[in-house]
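# Fold and contact review
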Amino acid sequence: MSKTPIISVHDLWREYPAGDESIAVLRGVNLDIYAGEMVAIVGASGSGKSTLMNILGCLDRATRGRYLVNDRDVSRLDADELAQLRREHFGFIFQRYNLLGDLDAQANVEVPAVYSGMSRPDRHSRAAALLGRLGLMDRTHHRPGELSGGQQQRVSIARALMNGGDVIFADEPTGALDSQSGTEVLKILHELHDEGRTIIMVTHDRDIAQQADRIIEISDGEIISDSRKDGKNIGEGEQQLAPSDDASSVASIRHKHGMAAFTDQMAEAFRMAIIAMRAHQLRTFLTMLGIIIGIGSVVSVVAIGQGTQKQVLENISGMGTNTIDIFSGRGFGDTRATRSVALQAEDSDALAKEAYILGSSPVINSSVTGRYRNITANVDLYGVSEQYFTIKGMTAEKGILFDSDSVRRRAQDVVIDQKAQKAFFADGTSPINQVILVGQLPVRIVGVIEDSPSMQFSQNPTVFAPYTTVQARAVGRTRIRNITVRVDDKVSSTAAEQAVVHLLSIRRGTDDFFIMNSDSIRQAMEKTASTMSLLISAIAVISLIVGGIGVMNIMLVSVTERTTEIGVRMAVGARRSDIMAQFLIEAVLVCLIGGVLGIALALGFGAIFGKVTTQFELVFSTASIIAAFACSTIIGLIFGWLPARNASLLDPVQALSRQ
Ligand code: ADP
Ligand code: MG
């Protein structure tokens, strides 16, 4: 009776490029292997055994020739279909075990089942059962480094059996073992064979080969003999395509599909990423540092920007919404301004008479030394009219504000602010009716104004005197610096501005003055603030990119360093997308954790800042923090993509041989 072999090779060639030529390592191999056989491939070192084995195990592709597995032409299968074939039907045992060093025995055995979508509890119990059966019950949570060679090889056998392992490929399985462990491993292989599995074993040792039913001898890439020990003809007495009992029991375990399998694999990739990061803590931290600094500075910069904005807005609202300041000259920094005719008090009076103007005051401003008894301090002296207080919305906290009569009389009555009170009357004496010296001028304090936001932009103690008094009696600067008017809220500020310009131009016969309203000041301040934050943001973005490149660099190193791991994962059936996901998740995780630390850094910086100074606070918005999270994820995706792709495109056999 004729049977279909599970493995059928016809005129198989494998050539490696060597310079301009190529070396043929396999030269026209013909071979059929039937289900349930135990085959030993023997030959001298370098004869091509491993090459043949890798092709049979679908880790490598032939250059020419036909290879059928269960009547399916392997050359027609893509990488993921080959992965599926390995995952579902093949099990590999390597000379050097190829266990994943960061995982314990149990987790190593579970790896193939992760890719086949077996549920976690099933995976756990099956791996534990297999390890128990191989005498490693008490070694399940040991890492490969803590196991002897024989124990490691038994773990790798358990791994090969995890998904069933109908066909076991063993390349020099005893090559690295002492004779006792070697004998043990061979015993296990015999048991597996007795269960009905197909065993294909490569060895250079004839004594070991003698243990198989069928010995294929290979020399210089050609099969020179193929014999069965019991003398039966090949293919006789074997069942066709009979999966072992164990393999059918694996098939009966419900495997997850679709979404459930996807989330399970993501969770597994996530765990692997954590393990890999833990294995290289310092390196991971240094990689993160770029991201931490980048995200930290972006979040801080945004917070500083928003804090500035907030303060600007507070100051502006303190200025009154509808005030207009008129200055002489043609703009700030106009050097001829001091030479041109100064604004006059009469200009202010004329403006005050306009129906749309609620109040108008000339402003003379100078910096002088103030003295009370033996206390001296630098003060800002403001010469203003009584209307100034209404314009600025200032009210008396103690005493009274001077009135139009004081202005007319050039009275030496002044109003001080809270800072001045604190500076001169720290002992708690009431300032009212006390006489202080501003510059050379003795003045009597009649009132103290309440703290108002409009005072926040001046740092010095401030003294308000009637402008007439300042002009008549004070020495030093007595020119009117500007006129401040308050426009009726019902009138639009632009219309009022035009009217003011019109009126003053006619009065003065020339337009040697310029106007600032609170709106234009706000715009100017906001522009400065936004220019600043744009600049710092640019620097922060650059540091983020540098951080991202750092992540990419380390991930590329990591891929190179972990090619064997990648090869092993592919050998046990990982798809390209699984490998890609694993490395991408790792990159994203590094960036995300870096992002979280960066945000924490920025918040800590803000807290320290708040403790050190009260004048300015950082404003952290949820939006900027969410944006920082998104940013670090995207950096992880972008800069992790290339290394992840490189990893996923590795050839299993190449990855395995690069040790
Ligand atoms: P062995 O029978 O010892 O397992 P191999 O199959 O590993 O022999 O190698 C057979 C020959 O193929 C050796 O001469 C080896 O140098 C060559 N060879 C194996 N892999 C490669 C490769 N990737 N590139 C070039 N030559 C290779
Ligand atoms: Mg070899």
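Every residue gets a number counted from 1 within its own chain, in the order that chain's sequence is written. All chains are assigned letters beginning at A, and all ligands numbers beginning at 1, according to the order in which they are written. Under the rules for a predicted model, residues below a pLDDT of 70 receive no local features and side-chain atom pairs below 80 are neither given nor counted, while totals for whole chains, interfaces and linings still include all residues. Excluded from the side-chain calculation are hydrogens and water; included are all heavy atoms of the structure.

It is worth spelling out the sheet that holds strand β2 (residues 21-33) at this point. Two strands qualify as a pair provided that DSSP identifies no fewer than 2 bridges between them. Counting from the N terminus, the helices are DSSP H or I runs at least four residues long and the strands are E runs at least two residues long. Strand order in the open sheet made by the four strands is β2-β1-β4-β5, with antiparallel pairing throughout. Two strands in the sheet have a free side with no partner beyond their single neighbour: β2 and β5 (72-73). In this structure, strand β4 (residues 64-69) lies alongside β5, joined through two bridges in antiparallel fashion. What sits directly across from Leu 68, in β5, is Asp 73.

What follows deals with the environment of Ile 599. Summarising the element assignment, Ile 599 is placed in helix α19 (residues 576-612). The cut-offs for exposure are 20% and 50% of the maximum accessible area for each residue type, with area from a 1.4 Å probe on protein chains only; residues under the lower value are buried, those over the upper are exposed, and the others partly exposed. Taking relative accessible area as the criterion, Ile 599 reaches 6% and is therefore assigned buried. Along the sequence, Ile 599 and Gln 311 sit 288 residues apart, while their C-alpha atoms lie 23 Å from each other. With residues near it in sequence (within four places) discarded, Ile 599 still touches Ile 295, Val 299, Ile 625, Ala 628 and Phe 629. The contact rule is simple, with two residues in contact once any of their heavy atoms fall within 4.5 Å.

The next point concerns the site of ligand 1. Think of it this way: one heavy atom of a residue within 4 Å of a molecule or strand is enough to make that residue near it. The environment of ligand 1 is made up of Tyr 16, Val 25, Ala 44, Ser 45, Gly 46, Ser 47, Gly 48, Lys 49, Ser 50 and Thr 51. Polar contact is the term for a pair of N or O atoms within 3.5 Å; when the atoms are in protein, one must be able to donate a hydrogen and the other to accept it, and sequence-neighboring residues count only if both atoms are side-chain atoms. At 3.0 Å, a backbone N or O of Gly 48 approaches an oxygen atom of ligand 1. In the model, an oxygen atom of ligand 1 is placed 2.7 Å from a nitrogen or oxygen of the Ser 50 side chain. When isolated, ligand 1 has an accessible area of 560 Å², and the protein chains bury 54% of it. At three residues, the largest contribution of residues to the shell around ligand 1 is made by helix α1 (residues 49-56). When the residues that make up the shell around ligand 1 are grouped by side-chain class, the tally is three nonpolar, six polar and one charged. Computed with a 1.4 Å probe, the accessible areas rest on the Shrake-Rupley method; for each residue, only the protein chains presented here act as cover. Under the scheme applied here, ten amino acids are nonpolar (Ala, Val, Leu, Ile, Met, Phe, Trp, Tyr, Cys and Pro), four are charged (Asp, Glu, Lys and Arg), and all others, including Gly, are polar.

For Gly 117, the location among the structural elements is in the loop between α3 (105-116) and α4 (120-133). Sequence-wise, Gly 117 and Leu 603 are 486 residues apart; in three dimensions their C-alpha atoms are separated by 42 Å.

Moving on, we get to empty space enclosed by the protein. Remark: the empty space left among the atoms is shown by a probe the size of a water molecule rolled over them. Only protein atoms enter the 1 Å grid used here, on which a cavity is any set of points holding a 1.4 Å probe that cannot leave and a pocket is any open set flanked by protein within 12 Å on both sides along at least five of seven lines; residues with an atom within 4 Å of a point are listed as lining. Grid points are joined across faces, edges and corners, and a volume is the space filled by probe spheres set on the points. Taken as a whole, this structure holds three cavities of 30 Å³ or more when the rule is applied. Together, 17 residues line the largest cavity, and Val 114, Tyr 115, Glu 268, Met 272 and Arg 569 are the ones closest to its centre. When residues of the lining of the largest cavity are traced back to their parent elements, those giving at least two are α3, α9 (258-279) and α19. For the lining of the largest cavity, the element with the highest residue contribution is α9, accounting for seven residues. Of the residues belonging to the lining of the largest cavity, the class tally is ten nonpolar, two polar and five charged. What counts as a domain boundary in this text is fixed by an automatic or database domain assignment. Structurally, the lining of the largest cavity is a two-domain feature, drawing no fewer than three residues from each of domain 1 (35-58 + 84-231 + 242-256) and domain 2 (275-312 + 524-657). Taken as a whole, the second largest cavity spans an internal volume of roughly 100 Å³. Forming the walls of the second largest cavity are 13 residues, and the residues nearest its centre are Arg 283, Thr 284, Ile 554, Met 555 and Glu 586. Looking at the lining of the second largest cavity, the elements with two or more residues in it are α9, α10 (281-319), α17 (518-561) and α19. If you tally residues by element for the lining of the second largest cavity, the top one is α17, at four residues.

Turning our eyes to something else, we now look at the pattern of salt bridges. Counted as salt bridges are all cases of a side-chain nitrogen of Lys or Arg within 4 Å of a carboxyl oxygen of Asp or Glu. On inspection of all chains with the given rule, the structure shows 29 salt bridges. With its nearest N and O atoms 3.5 Å apart, the salt bridge here joins Arg 154 to Glu 184. Placement of Arg 154 in helix α5 (residues 149-161) and of Glu 184 in helix α6 (residues 179-194) is noted, with a sequence separation of 30 residues between them. Put simply, Lys 490 and Asp 488 hold a salt bridge, and the shortest N to O gap is 3.8 Å. A residue is classified by how much of its surface remains accessible, and Lys 490, at 75% relative accessible area, is exposed. Within this structure, Glu 110, Arg 120, Arg 123, Asp 264, Glu 268 and Arg 271 form a network of salt bridges that share partners.

It is characteristic of soluble globular proteins that their nonpolar side chains tend to be buried jointly. Among the nonpolar cores identified, the biggest contains 78 residues, and Ile 7, Leu 52, Tyr 67, Phe 90 and Phe 169 are the most heavily contacted of them. In terms of residues, this core owes the most to one element, α19, which gives eleven residues. Taken domain by domain, this core gets at least three of its residues from each of domain 1 (35-58 + 84-231 + 242-256) and domain 2 (275-312 + 524-657). For Ile 7, the contacting residues outside a window of four places in its chain are Leu 31, Asp 32, Ile 33, Leu 56, Tyr 67, Leu 68, Val 167, Phe 169 and Ile 200. Counting 52 residues, the second-largest nonpolar core is a separate cluster that includes Val 363, Met 394, Val 414 and Ile 445. In this description, a nonpolar core means a group of buried Ala, Val, Leu, Ile, Met, Phe, Trp, Tyr and Cys residues linked to one another through side-chain atoms lying within 4.5 Å.

The buried fraction of strand β13 (residues 375-384) amounts to seven of the ten residues, a majority that puts the element mostly inside the structure. Pairing between strand β12 (residues 357-372) and β13: ten bridges, direction antiparallel. Looking at β13, one finds that Gly 370 is bridged to Ala 377. Here β12 folds back onto β13, and the loop between the two strands holds two residues, one of which, Arg 373, carries a positive phi near 50°. Relative to strand β18 (residues 462-466), β13 runs parallel, the two sharing five bridges. Note on β18: the bridge partner recorded for Tyr 382 is Phe 464.

What follows is about unusual backbone geometry. Across residues other than glycine, the phi torsion is negative in most instances, and most of the peptide bonds are trans. Phi angles above zero are rare outside glycine, and Glu 172 is one such case at about 50°. Relative to the helices and strands, Glu 172 resides in the loop between β7 (167-171) and α6. Phi at Asn 433 is positive, roughly 70°, even though this residue is not glycine. Within the secondary structure, Asn 433 sits in the loop between α14 (418-424) and β16 (435-438).

On to the packing of α4 against α5. Angular values range over 0 to 180 degrees, each being the angle between N-to-C directions of two axes fitted as lines to C-alpha atoms, with helices fitted over their stretch in contact. Viewed as axis vectors pointing N to C, α4 and α5 meet at an angle of 135°, and their least axial separation amounts to 9 Å. Classified by the angle between their axes, α4 and α5 sit oblique to one another. As for how α4 packs across α5, the hand of that crossing is right-handed. Contact residues: α4 offers Arg 126, Leu 130, Leu 131 and Arg 133, while α5 offers Val 155, Ala 158 and Leu 161. Split by residue class, the contact of α4 with α5 holds five nonpolar, no polar and two charged. Every angle not falling under 35 degrees, over 145, or within 65 to 115 is termed oblique; those three ranges are roughly parallel, roughly antiparallel and roughly perpendicular. A crossing counts as left-handed when the near helix is turned anticlockwise from the far one by less than a right angle, and as right-handed when that turn is clockwise.

What follows concerns the domain arrangement of the chain. Accessible area lost on assembly of the parts is the figure often given for the size of an interface. Its domain assignment divides the chain into domain 1 (35-58 + 84-231 + 242-256), domain 2 (275-312 + 524-657) and domain 3 (341-511). Opposite the 13 residues of domain 1 that make contact, domain 2 presents 17 residues. The quantity reported as buried area is the accessible area (1.4 Å probe) lost by two parts once they are put together, taken as the sum for both. In total, domain 1 and domain 2 occlude about 1,400 Å² of area from one another, counting both sides; carbon and sulfur atoms represent 61% of this. Linking domain 1 with domain 2 are zero salt bridges. If you list the elements that add at least two residues to the side of domain 1 that touches domain 2, you get α2 (79-89) and α3. In terms of residue count, α3 provides more of the side of domain 1 that touches domain 2 than any other element does, three residues in total. In the side of domain 1 that touches domain 2, the residues fall into seven nonpolar, two polar and four charged.

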